Each structure stands twice: as C-alpha cells, then as structure tokens.
Amino acid sequence: MVWYAYATIMTVIATQLQAVHARIAAACHAAGRDPADVSLLAVSKTFGPDAVRAAHAAGQTAFGENYIQEAVDKMAALADLSLQWHCIGPIQSNKTRLVAEHFAWAQTVDRLKIAQRLSEQRPPGLPPLQVCLQVNVDGGATKSGVAPGDVLALARAVAALPRLQLRGLMCIPDPVADFAGMQEVFLRAKAVYEDLRAAGLPLDTLSMGMTSDLEAAIHAGSTLVRVGTAIFGGRSYAQG
Ligand SMILES: *Cc1c(COP(=O)(O)O)cnc(C)c1O
C-alpha cells in the first residue's frame, strides 16, 4: 500500500459513508422516524483491512462480515482499532467457537443447537454475545432463517442461555422490484418482532435493509441497516 492510494480510498469511502447517512436520514424523515433510532452496520466482506480502516477514520465503528475465517484474519490486522464486529453470514457448528471468541454480535442464529454452542463457547472474559435470530419472512423452504411461526419458541430458549443476550431479529428477504412489495415483506418482519416484544422479550434490534432496499426497510421499522456496496463499492467474489 502506498500512501496516496490509501488517501484515495479514504476520501472515496468517507464520501460514500456520508451519502449513506444522508439516505438513512432522508428515509427516516419520510417515515417520520428519528435518525438516531437507525444505526448503520458497514458490511466489509471481501474488502481488506485498509477499507475498514478508512471507514473507521470516517467515523464508522460497527462492521459486518459473512465469512468467518476472513473476518477473523481482518480483525487481527485491525487489532489496534476499537471496532464492533457482527457476524452476518451462516454459522455452521464447526464455526461457532470462532464466532463466540471473536465477534460482538451474531445476527444469523436460526437454530437452538447453534445458540447453545455459542453460549457454551463464549469466553468468560467477554461480555455476552449479542444475538439476533434470523427469520425467514419470505418463505422458501431452502432459505435459512427460522419460520415466523417458530420464532417465539426459539427466542424464549435463546433468551434463557447464560452467555448470550438476545437483541432482536434480522432478515435477508429476496429483492422485490417495487418499493411497496419490498416494504410489505419487511412489515412482516416488523410484525413478528412486535409480537415477540408483546410476549415480553426485551428486544431493541430489527436488522433489515441493505444497499438496494434500506429505504423500504426503514419505512417498515428497521433499527439497523447493513450496507456494503454503497459504502465500499462492488464486490469481487473471486477473493471471498
Ligand atoms: C452482503 C450483505 C449485506 C450488504 O449488502 P449490500 O447490498 O452490499 O449492501 C447485508 N447483509 C447481509 C446478510 C449480507 O450478506
């Protein structure tokens, strides 16, 4: 890395972050919501430590990663910064230990067995792992995520695990062409979320919305948008 290349990355990422914050603010305004109630997770998968460093220099502290080993390597390269890492990719049994030891949040829990392993493997010196349940709001038997009808039982079981703190729900619905259709899917997630809260679970996080659909998600009640492309640019999957 040469210094002028890093300076360019910094400028581009700072500008794009600012544009994402402006989109969030506009969406909140349109929905009559307070922008302080929607936080931004920067999704840095496939991008190197320099990109994360640039986003951090522009004020971003929470980062999302899908590929666990890639994330752990990146964390090591960025150990001098104070960052909050969220696991937003699928968690297989053989990866729970890495997630429990390295991440602050796991957003994609959809089975009790995975939650139990994360709780057992969370090191005593760390705060509880912050957890969202991934809910499958748009059907598709092959999709990951717990079915809406099974969420309450799973949420109660996860909330009882000692080393986890259940914070809410996340969803990754397939794209729908129009705003109204997208919003309708997100409103289903919002309804499930409110049902859990009405059942007494103290949740504060509804993680939904990405680069292409964050406005619809915010309109439907998202409290955490996960944005990659609009901050870091397009991804080359060859590397990750
Ligand atoms: C990649 C990814 C994102 C970010 O998607 P963009 O369209 O690049 O904003 C958000 N959430 C999850 C779960 C992802 O895998």
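Residues numbered from 1 in each chain as written. Predicted model: local features only at pLDDT ≥ 70, side-chain atom pairs only at ≥ 80, totals over all residues. Heavy atoms only, no water.

1. Notes on the overall build of the chain
For the chain, the helix and strand inventory stands at nine helices and eight strands. The globule rule puts the C-alpha radius of gyration for 240 residues at 18 Å, and the 17 Å found for the chain is close to it. Each principal axis of the C-alpha distribution contributes one length, and for the chain these read about 55 × 45 × 30 Å. For the chain, with 240 residues in total, the buried portion stands at 48%. Across the chain, every contact between residues at least 6 apart in sequence was considered, and the portion connecting residues at least 24 apart equals 60%. About 10800 Å² of surface is accessible on the chain, with carbon and sulfur atoms providing 57% of the total. (Helix = DSSP H or I, 4+ residues; strand = E, 2+ residues; numbered from the N terminus. Rg over C-alpha atoms; globule rule 2.2 N^0.38 Å. Buried < 20%, exposed > 50% of the residue type's maximum accessible area, 1.4 Å probe, protein only. Contact = heavy atoms within 4.5 Å. Areas by Shrake-Rupley, 256 points an atom, 1.4 Å probe, with all protein chains shown as cover.)

2. Considerations on the nonpolar core
As a rule of thumb, nonpolar side chains are buried together in soluble globular proteins. Counting 69 residues, the largest nonpolar core has I24, F103, L118, L133, L169, I231 and F232 as its most contacted members. With residues near it in sequence (within four places) discarded, F232 still touches I13, Q16, A42, V43, S44, F47, A51, V52, A55 and F63. (Core = buried A, V, L, I, M, F, W, Y, C linked by side-chain atoms within 4.5 Å.)

3. Some thoughts on helix α7 (residues 179-198)
Its 20 residues place the ends of α7 28 Å apart at the C-alpha level, agreeing with the 28 Å of an ideal helix rising 1.5 Å per residue. Taken as a whole, α7 has its buried residues at G181, M182, Q183, V185, F186, A189, V192, Y193 and L196. The positive-phi residue at the C-terminal boundary of α7 is G200, with phi of around 100°. (Expected span 1.5 Å × (residues − 1).)

4. As for the site of the ligand
The local shell around the ligand consists of V43, K45, N66, I88, I172, M210, T211, R226, V227, G228, T229 and R235. In the environment of the ligand, an oxygen atom lies 2.5 Å from a nitrogen or oxygen atom belonging to the side chain of T229. For the ligand, an oxygen atom lies 2.8 Å from a polar atom in the side chain of R235. The class makeup of the residues in the shell around the ligand is five nonpolar, four polar and three charged. (Near = heavy atom within 4 Å. Polar contact = N/O pair within 3.5 Å; in protein donor to acceptor, adjacent residues only side chain to side chain. Nonpolar A, V, L, I, M, F, W, Y, C, P; charged D, E, K, R; others polar.)

5. Here's the deal with the environment of I231
Turning to its location among the elements, I231 is positioned in helix α9 (residues 229-232). Each C-alpha atom, one on I231 and one on A55, is 8.4 Å from the other, the two residues being 176 residues apart in sequence. Residue contacts for I231: discarding those within four places in its chain leaves I13, Q16, L17, V20, L40 and A42.

6. Observations regarding helix α2 (residues 49-57)
Taken together, the buried positions of α2 are occupied by A51, V52, A54 and A55. The arc that holds the buried residues of α2, viewed along the axis, is 160°, so those residues lie on one side. G59 lies just past α2 and shows a positive phi near 105°. (Arc of directions from axis to C-beta.)

7. Quick look at the pattern of salt bridges
Tallied over the entire structure, the rule returns 12 salt bridges. Of the charged contacts in the structure, one is a salt bridge between K74 and E70, with a shortest N-O distance of 2.8 Å. Taken as a pair, K74 and E70 lie in helix α3 (residues 68-77) at a separation of four residues, close to a single helical turn. R97 is the partner of E101 in a salt bridge, and the nearest nitrogen-oxygen pair spans 3.8 Å. With E101 and R97 both in helix α4 (residues 96-102), this residue pair falls four residues apart, about one helical turn. What makes E101 partly exposed here is its relative accessible area of 34%. Residue classification places R97 among the partly exposed residues on the basis of a relative accessible area of 45%. (Salt bridge = Lys/Arg side-chain N within 4 Å of Asp/Glu carboxyl O.)

8. Side note on unusual backbone geometry
We note that T46 has phi near 70°; this positive angle belongs to a residue other than glycine. Mapped onto the secondary structure, T46 falls in the loop between β1 (39-43) and α2. Residue T46 is classed as buried on the basis of its relative accessible area, which comes to 6%.

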